[in-house]
Amino acid sequence: MAQEDVFKKLVSHCKEYGFVFPSSEIYDGLGAVYDYGQMGVELKNNIKQYWWQSMVLLHENIVGIDSAIFMHPTIWKASGHVDAFNDPLIDNRDSKKRYRADVLIEDQIAKYDEKINKEVAKAAKRFGDAFDEAQFRSTNPRVLEHQAKRDALHERYSQAMNAGPDLDGLRQIILDEEIVCPISGTKNWTEVRQFNLMFSTEMGSTADGAMKIYLRPETAQGIFVNYLNVQKTGRMKIPFGIAQIGKAFRNEIVARQFIFRMREFEQMEMQFFVKPGTELEWFQKWKEIRLKWHKALGFGDDHYRYHDHEKLAHYANAATDIEFLMPFGFKEVEGIHSRTNFDLSQHEKFSGKNIKYFDPETNESYTPYVIETSIGVDRMFLSIMSASYCEEQLENGESRVVLKLPAALAPVKLAVMPLVKKDGLPEKAREIIDELKFHFHCQYDEKDSIGKRYRRQDAIGTPYCVTVDHQTLEDNCVTLRNRDTMQQERVPIAELNNIIADRVSITSVLKTLQ
Ligand code: GAP
């Protein structure tokens with residue numbers, strides 16, 4: 001099945017089974033805003049817990065905070081967001097639709113890549129086993145022609161983006177490449193303008209003189225402005241980290257690919273404060289720690305890659321993304337940045353307060369350098385859902401949709417089902433739930449045939465199902481069914497907690513990180 005179709009199916013699966021709904025759906029939705037349903041919120045909470053515990057429980061020198069979404073507006077001036085958190089926008093005069101100029105050009109680059117890949121796929125089919133892809137790519141005239149056009153466009157685009165960006169230069173590329181509006185099909189483009197991504201609102205009544213404030217576009221600044229509070233009250237010594245999970249808001253113009261790019265989303269960010277000069281060593285360490293955290297979920301190492309940034313933001317001296325293989329290609333899920341002392345120095349300058357760290361060992365004061373790890377909860381959610389979604393053909397000719405979620409993250413860990421709705425079986429099933437519900441999330445299901453009930457649990461990723469039958473009333477044993485293997489075993493009720501608890505706990509994944 002084409003990856004595009006898989007993605008479409010995944011989006012409808014998310015809705016059908018209560019993972020993700022479009023926001024305000026009965027009013028026809030609100031662009032790039034989504035709500036998490038009864039299953040989605042459980043998965044999301046488990047992801048957050050896995051991240052939080054890996055930071056705060058496994059590192060003695062990392063603590064958490066929860067700062068407010070509203071912050072003093074000067075913070076965003078100091079951080080550079082008021083002046084530089086912009087996207088270059090262009091409008092099509094005929095359709096009145098607005099686009100990101102950089103995205104239109106990136107899509108054009110992707111079209112060249114697509115053409116090349118099509119040529120390669122056609123040749124691979126024609127030549128079969130004898131096909132030498134590297135040789136074909138380096139000699140086929142059509143491939144070489146597309147590649148040359150692609151490289152020239154990429155070079156021009158990089159130059160325009162690196163020059164500020166050069167807005168006229170971006171527009172000229174769009175005209176030269178004859179890029180048309182997907183709606184009107186015309187090339188009737190306006191100038192390119194910069195558009196700030198921050199949402200703003202007003203605090204206080206206008207009579208008192210309302211203050212323009214912003215909805216935070218990242219959680220990180222809440223950590224920077226609190227770092228000395230935490231350091232002093234927590235008697236933290238450098239190196240130390242502060243972790244935070246919270247909502248962030250960006251007025252994204254090109255919002256597509258479901259929950260990949262949203263206007264309201266959630267971040268899990270950790271700022272690690274280090275001595276100047278040691279930051280690149282820590283950057284390397286955090287790169288490794290974070291990749292290990294991702295890989296511990298067991299989707300396979302081939303799903304991940306680093307994308308080291310060649311062009312660095314003015315405040316960074318190293319940066320990388322951890323990318324995940326989504327149905328639409330490798331995409332950034334997490335950023336790891338060595339942000340130097342830029343943010344803290346800016347806050348010192350704009351607030352006029354001394355926020356230097358005093359090192360009791362060397363008796364010196366300095367502005368710490370910062371390594372940041374920043375991951376989007378929603379992107380992590382999407383990556384997990386897309387890697388877990390499977391359609392399987394069974395030996396008996398039936399098919400099933402199964403979410404092979406890591407058991408530790410699954411919304412429901414155990415479904416308990418009486419074989420029939422009578423003869424005391426429902427009561428026995430309830431007894432089991434009443435015992436186990438204190439340990440993990442259980443669900444009771446007595447409706448429809450056992451086969452249908454298994455399918456429902458497969459579709460929400462429940463790793464274990466227990467069936468209570470007439471024999472259970474005599475021997476206190478139940479049938480335990482494994483979601484992935486569909487193997488069934490007979491186990492004593494008294495053993496259930498021991499068997500399952502360890503396999504579905506976040507702790508068991510955390511232990512592999514040590
Ligand atoms: N404090 C650094 C920072 O915010 P970023 O690369 O802009 O860096 C970090 O964002 C992470 O937040 C991204 O890797 C991504 O997972 C997530 N993210 C950013 N914008 C997003 C959006 N519009 N929708 C969903 N997730 C987003």
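Our structure's up above, just so we're on the same page.
What this report covers is the structure whose coordinates are included nearby. This is a predicted model, so every value here is computed, not measured.

## Remarks on the pattern of salt bridges
- Enumeration according to the criterion identifies 42 salt bridges in this entry.
- Glu392 is paired through a salt bridge with Arg400; the nearest N and O atoms lie 2.9 Å apart. When sorted by exposure, Glu392 lands in the same class as Arg400, which is buried.
- Taking the shortest distance from any N to any O, the salt bridge between Asp448 and Lys447 comes out at 3.8 Å.
- Overall, Asp448 belongs to the partly exposed group, its relative accessible area being 33%.

## Topic: the packing of aromatic side chains
- Counted by the stated rule, this structure contains 18 aromatic pairs.
- Ring centres of Tyr36 and Phe381 lie 4.9 Å apart, and the angle between their planes is 75°; on these two criteria the pair is classed as edge-to-face. Placement of the pair is Tyr36 in strand β2 (residues 34-36) and Phe381 in helix α13 (residues 377-388), with a sequence separation of 345 residues.
- The class of Phe381 is buried, set by a relative accessible area of 0%.
- Feature note: the residues Phe224, Tyr227, Phe240 and Phe273 constitute an aromatic cluster, connected by ring pairs.
- The side chain of Arg290 reaches across the aromatic face of Trp293, ending 4.3 Å from its centre.
- Just above the ring of Tyr444 sits the side chain of Arg430; from NZ or CZ to the centre is 3.7 Å.

## So, a nonpolar patch on the surface
- Residues Phe70, Met203 and Met211 make up a contiguous nonpolar surface patch of about 270 Å² in total accessible area.
- Looking at where Met203 falls in the secondary structure, it is placed in strand β7 (residues 200-203).
- Residue classification places Met203 among the partly exposed residues on the basis of a relative accessible area of 38%.

## A look at helix α12 (residues 342-351)
- For α12, the set of buried residues is Phe342, Asp343, Leu344, Gln346, His347 and Glu348.
- Packing partners of the buried residues in α12 comprise α3 (74-78), α9 (220-224), α10 (227-233), β10 (264-274) and β16 (369-376).
- With its phi angle positive at about 75°, Gly352 sits one or two positions after the end of α12.

## Structural notes on the site of the ligand
- If you check the shell around the ligand, you find 19 residues, and the closest are Glu218, Met262, Glu269, Glu332 and Val333.
- In the environment of the ligand, a nitrogen atom lies 3.5 Å from a nitrogen or oxygen atom belonging to the backbone of Phe260.
- For the ligand, an oxygen atom lies 2.6 Å from a polar atom in the side chain of Glu332.
- For the shell around the ligand, the secondary structure elements donating two or more residues are β10, β13 (329-338) and β16.
- Here the shell around the ligand takes four residues from β13, the largest share from any one element.
- Here the residues of the shell around the ligand are counted per class, giving five nonpolar, four polar and ten charged.

## Topic: helix α8 (residues 167-176)
- Restricting attention to buried positions, one finds in α8 the residues Gly169, Leu170, Arg171, Ile173 and Ile174.
- Those residues of α8 hidden inside the fold are in contact with β4 (86-91), α5 (101-127) and α7 (141-162).
- Residue Asp166 occupies the N-cap position of α8, its side-chain oxygen lying 3.3 Å from the main-chain nitrogen of Asp168.
- Just past α8, the residue Glu178 takes up positive phi, approximately 55°.

## Some points on the sheet that holds strand β11 (residues 304-308)
- Judged by pairing direction, the sheet is mixed, and its seven strands sit side by side in the order β3-β9-β10-β16-β13-β12-β11 without closing on themselves. Lying at the two open borders of the sheet, with one neighbouring strand each, are β3 (62-64) and β11. Direction aside, neighbouring strands of the sheet carry axes that sit 25° apart on average.
- One ladder, built from eight bridges, connects β10 with β16; its direction is antiparallel. The residue of β16 that forms the bridge with Phe273 is Val370.
- Packing against the sheet, helix α2 (residues 38-57) makes contact with β3, β9 (240-249), β10 and β16, and its axis sits at approximately 160° to β9.

Rules used throughout
- Residues numbered from 1 in each chain as written.
- Predicted model: local features only at pLDDT ≥ 70, side-chain atom pairs only at ≥ 80, totals over all residues.
- Heavy atoms only, no water.
- Salt bridge = Lys/Arg side-chain N within 4 Å of Asp/Glu carboxyl O.
- Buried < 20%, exposed > 50% of the residue type's maximum accessible area, 1.4 Å probe, protein only.
- Phe/Tyr/Trp six-rings, centres within 6.5 Å; stacked < 30°, edge-to-face > 60°.
- Helix = DSSP H or I, 4+ residues; strand = E, 2+ residues; numbered from the N terminus.
- Lys NZ or Arg CZ within 6 Å of the ring centre and 35° of its normal.
- Patch = residues over 30% accessible without salt bridge, like charges linked within 9 Å, V, L, I, M, F, W, Y side chains within 5 Å.
- Areas by Shrake-Rupley, 256 points an atom, 1.4 Å probe, with all protein chains shown as cover.
- Contact = heavy atoms within 4.5 Å.
- Near = heavy atom within 4 Å.
- Polar contact = N/O pair within 3.5 Å; in protein donor to acceptor, adjacent residues only side chain to side chain.
- Nonpolar A, V, L, I, M, F, W, Y, C, P; charged D, E, K, R; others polar.
- Pairing = 2+ DSSP bridges.
- Axes fitted to C-alpha atoms, helices over the stretch in contact; angles between N-to-C directions.

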